[in-house]
Amino acid sequence: MITVGVDIGSVASKGVLLNGEKRFSTVLPTGWSPRDAGEKILSTLFRESCIGRQEVDYIIVTGYGRVSFGQADKTVTEISCHARGVAALCPEARTIIDIGGQDSKVISINEKGKVLDFAMNDKCAAGTGKFLQVMANTLGMDVAELAASEDPSETVTINSMCTVFAESEIIGLLARNISKGGIIAGLHQSVGKRVASMARRLGAREKIVFTGGVAQNAGVRRALEEELKRTVVVPEGCQFTGALGAALLGLDI
Amino acid sequence: MENNTVEQFMDIRAATVAKMLEEKERGMKVVGIYCTFCPQELVLAAGAIPVGLCGTREEPIPAAEEVLPRNLCPLIKSSYGFAVTDTCPFFNFSDLIVGETTCDGKKKMFEIMQELKPVHVMQLPHHHKAGASLDLWIDEIKSLKTKIEEEFQLEIKDEDIWKAVDLVNQEKKALKEISDLNRNSPPPMSGLELLTVVWSGGFSFDKKELVQMLEELKKTLESREVDPKSAKKPRILLTGCPVGLGSEKVVRLVDELGATVVAMENCTGYKTLELMADRSKDDPIVALAEKYLNIPCSCMSPNPYRMELLGRMIDDFNAEAVIDLTWQACHTYNIESHEVEKVVKDKGLPFLHLESDYSSSDEESLKVRIEAMLEMIEK
């Protein structure tokens, strides 16, 4: 059986094609059209795996763009897909922290990867990838550079939860010649605090697995571990967990 | 043919506006109320028409925010907004407004509303047990009676109150019987239909007519042919803040996502349907006071009857998940969600707490949450 999982997120779109033991994955910026992004993901996967569209049994689509994408055999929420993906990558996982572009969520799962409960951030961007992206711009760097530039020994507490106010706060800190590394560590701490409190609400049972695009940032992982006083595991290919889960759910149909 | 019966309820509001226009000229009095705590039996006993004024729409909120804080519950903002912009015919018709101190936001809003109309505010105690709270509430109901008598220059006789008690009890009974039809699988009514019936009924001009309509609707629904496939739809119990047409987005989204809101434990739904004034009391005022003080609103502390009612409703309606909807800045329902969660999780069911307002800005994010909750239901 051949299945494809497509996860159209607010910032990045991810795709995973499963052909027996073989797995192909790809990632692209979503841009303004989630539909086009999904199409591109599919054509890239078909090209790289040398598999034709007609050979695929099921295409499962998740992420905020799931509704606008016409080619899905089924759409499933990110929550169920992450649970399924993590259960495959790390069967001991009981808590998933997923931080993407516009959402952060905590999912509690059982030994079978079934969702027991979940919590999501409210309408605001605090504790999401978007928050970090805006701050990286203010600091004149790429979001991917943040982790390597942080200095946890000089962590400055960022008080504003609101992205717009936090930006002003940082501009103020920079004006006072506060070290950039300390500010970045403070930003990671801010995201960590926000998401850790959601995780504690759900019980934060071990093992705790961190997924989504922001899981690539080692600074946020460090901050989460400090806040939760537990080890937080980042599986390889953390960004593809949702797409992988979607492809695996295709096998269950 | 049968659809007409639920649709009839959608026309109640407009029909009442037309009738009131006529009857007001003949001296008919209208009393605007904002809460199920207002003993409408007194209004009926005075020969006046009680009408609910709670705002359920987004449109007048910007006007309300010129006076009220933005970070306030949308129901209070919408209610005040309709009043201040004079866009609600029922507010316009009201000869007297009755408010009550259910929450901090409402009680302070009523102070400001006095600039627009005569508002009588009932001081609601926040404890449901007999004793000082009941004594206070009896006094408050007596004051309301005096106020209505003075305002409309008449005397409310005990026998008229008892007649009104019978009528309101009949209405509750009829509404409960309709609501209970959704215990069946498949449920004969969608969530939106249920909401349409119970919410629109509150605008009826004549309760006797309403009771008759409800009884007829019950017959129609009992013989309604429901697609057996809809028995597979997840059965959702909705609780939390009041919902009406205009603020029905969660009910609609649940329907759209392939599930059914089979019951609503909120003040526009099932919350007050079991509460009836005790006919065996000597004093109708005491009977009313006891009835109303038992309403399990989150403004009561503690509020055990709500948890008991929810537990029973989960069983009676075979709910497979519970959504607790809190309107932004409604602290009592927001905090009480913690207790509700325990009741639901003890039953082993998925629980979803949503915080929202009347705008459509968060519909996509609400959808993800509701969909994920539906995916959690084991079939």
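Here, every reference points to the structure presented above.
The rules we used
Residues numbered from 1 in each chain as written. Chains lettered and ligands numbered in written order. Predicted model: local features only at pLDDT ≥ 70, side-chain atom pairs only at ≥ 80, totals over all residues. Heavy atoms only, no water. Helix = DSSP H or I, 4+ residues; strand = E, 2+ residues; numbered from the N terminus. Contact = heavy atoms within 4.5 Å. Buried area = accessible area lost by both parts, 1.4 Å probe. Salt bridge = Lys/Arg side-chain N within 4 Å of Asp/Glu carboxyl O. Polar contact = N/O pair within 3.5 Å; in protein donor to acceptor, adjacent residues only side chain to side chain. 1 Å grid on protein atoms, 1.4 Å probe; cavity = no way out; pocket = protein on both sides within 12 Å on 5 of 7 lines; lining within 4 Å. Points joined across faces, edges and corners; volume = space filled by probe spheres on them. Nonpolar A, V, L, I, M, F, W, Y, C, P; charged D, E, K, R; others polar. Axes fitted to C-alpha atoms, helices over the stretch in contact; angles between N-to-C directions. Parallel < 35°, antiparallel > 145°, perpendicular 65-115°, else oblique. Left-handed = near helix turned anticlockwise from the far one by under 90°. Phe/Tyr/Trp six-rings, centres within 6.5 Å; stacked < 30°, edge-to-face > 60°. Buried < 20%, exposed > 50% of the residue type's maximum accessible area, 1.4 Å probe, protein only. Lys NZ or Arg CZ within 6 Å of the ring centre and 35° of its normal. Pairing = 2+ DSSP bridges.

Among all residues save glycine, negative phi is the norm, and among peptide bonds the norm is trans. Following Glu206(A), the chain continues into Lys207(A) via a peptide bond in cis, with omega recorded as 0°. Mapped onto the fold, Lys207(A) is located in the loop between α6 (180–202) and β9 (208–211). Not every positive phi belongs to a glycine, and Asn318(B) is a case in point at roughly 50°. Mapped onto the fold, Asn318(B) is located in the loop between α14 (304–316) and β7 (321–327).

The next subject is the interface of chain A and chain B. On the side of chain B, 16 residues touch chain A, which itself brings 17 residues to the contact. For the pairing of chain A and chain B, the buried interface totals around 1,300 Å² over both sides, and the portion due to carbon and sulfur atoms is 50%. At the boundary of chain A with chain B, the tally comes to 2 salt bridges. Where Glu371(B) meets Arg66(A), a salt bridge forms, and the shortest distance between an N and an O atom there is 2.6 Å. Applying the counting criterion to the chain A and chain B interface returns 6 residue pairs in polar contact (both at pLDDT 80 or more). Counting only elements with at least two residues in the side of chain A that touches chain B, the list comes to α2 (78–89) and β8 (115–120) of chain A.

What follows concerns empty space enclosed by the protein. All names here are of chain B. Under the defined criterion, the tally for this structure stands at 1 cavity of 30 Å³ or more. By volume, the largest cavity is sized at about 40 Å³. Contributing to the lining of the largest cavity are Ser179, Leu194, Val198, Val262, Ala263, Met264, Gly269, Tyr270 and Phe317. Listing elements by their share of the lining of the largest cavity, those giving two or more residues are α10 (191–201) and β6 (260–265). Looking at the lining of the largest cavity element by element, the count peaks at 3 residues for β6. Considered class by class, the residues forming the lining of the largest cavity number 7 nonpolar, 2 polar and no charged.

Residues and elements named next belong to chain B. Contact pair helix α9 (residues 158–180) / helix α11 (residues 207–222): the axes reach a minimum separation of 9 Å and the direction vectors enclose 20°. Classed by the angle they form, the pair α9 and α11 counts as roughly parallel. The handedness of the crossing between α9 and α11 is left-handed. Contacts from Leu167, Val168, Gln170, Glu171, Ala174, Leu175, Glu177 and Ile178 in α9 reach Lys207, Lys208, Leu210, Val211, Leu214, Leu217, Lys218 and Leu221 in α11. Looking at the contact of α9 with α11, its residues break down into 10 nonpolar, 1 polar and 5 charged.

Residues and elements named next belong to chain B. Within this structure, the stated rule accounts for 6 aromatic pairs over all chains. Between Trp199 and Phe203, the aromatic rings sit 4.8 Å apart at their centres with planes inclined by 70°, giving edge-to-face as the arrangement. Judged by its relative accessible area of 8%, Phe203 falls in the buried class. Among the aromatic side chains, those forming a connected cluster through ring pairs are Phe90, Phe93, Trp199 and Phe203. The side chain of Arg13 reaches across the aromatic face of Phe203, ending 4.8 Å from its centre. Between Arg183 and the ring centre of Phe317, over which it is positioned, the NZ or CZ distance is 5.4 Å.

Residue and element names in this part refer to chain B. The topology assignment puts Lys172 in helix α9. At 3.1 Å, the side chain of Lys172 forms a polar contact with the side chain of Thr272. Once residues within four sequence positions are removed from consideration, Lys172 is found in contact with Thr272, Leu273, Leu275, Met276 and Lys291.

A side chain of one charge can pair with a side chain of the opposite charge when the charged atoms of the two come close. All names here are of chain B. All chains considered together, the criterion is met by 46 salt bridges over all chains. With its nearest N and O atoms 3.4 Å apart, the salt bridge here joins Asp104 to Lys107. A residue pair is termed a helical-turn pair when its members lie 3 or 4 positions apart in one helix, as Asp104 and Lys107 do in helix α7 (residues 104–113) at 3 residues. We note a salt bridge from Glu177 to Lys173, for which the minimum N-O separation is 3.6 Å. Residue Glu177 and its partner Lys173 are located together in helix α9, separated by 4 residues, close to a single helical turn. Residues joined in a network through salt bridges with shared partners are Glu265, Lys271, Arg306, Asp324 and Glu336.

Bringing the sheet that holds strand β8 (residues 351–356) of chain B into the picture now. All names here are of chain B. Ordered in space as β6-β5-β7-β8, the 4 strands form an open sheet in which the pairing is parallel. One side of each edge strand has no neighbouring strand; the edge strands of this open sheet are β6 and β8. Averaged over all pairs of adjacent strands, the angle between strand axes in this sheet comes to 25°, irrespective of strand direction. In this structure, strand β5 (residues 235–240) lies alongside β7, joined through 5 bridges in parallel fashion. Note on β7: the bridge partner recorded for Thr239 is Asp324. Against the sheet, helix α15 (residues 331–346) contacts β5, β7 and β8, and its axis sits at roughly 165° relative to β8.

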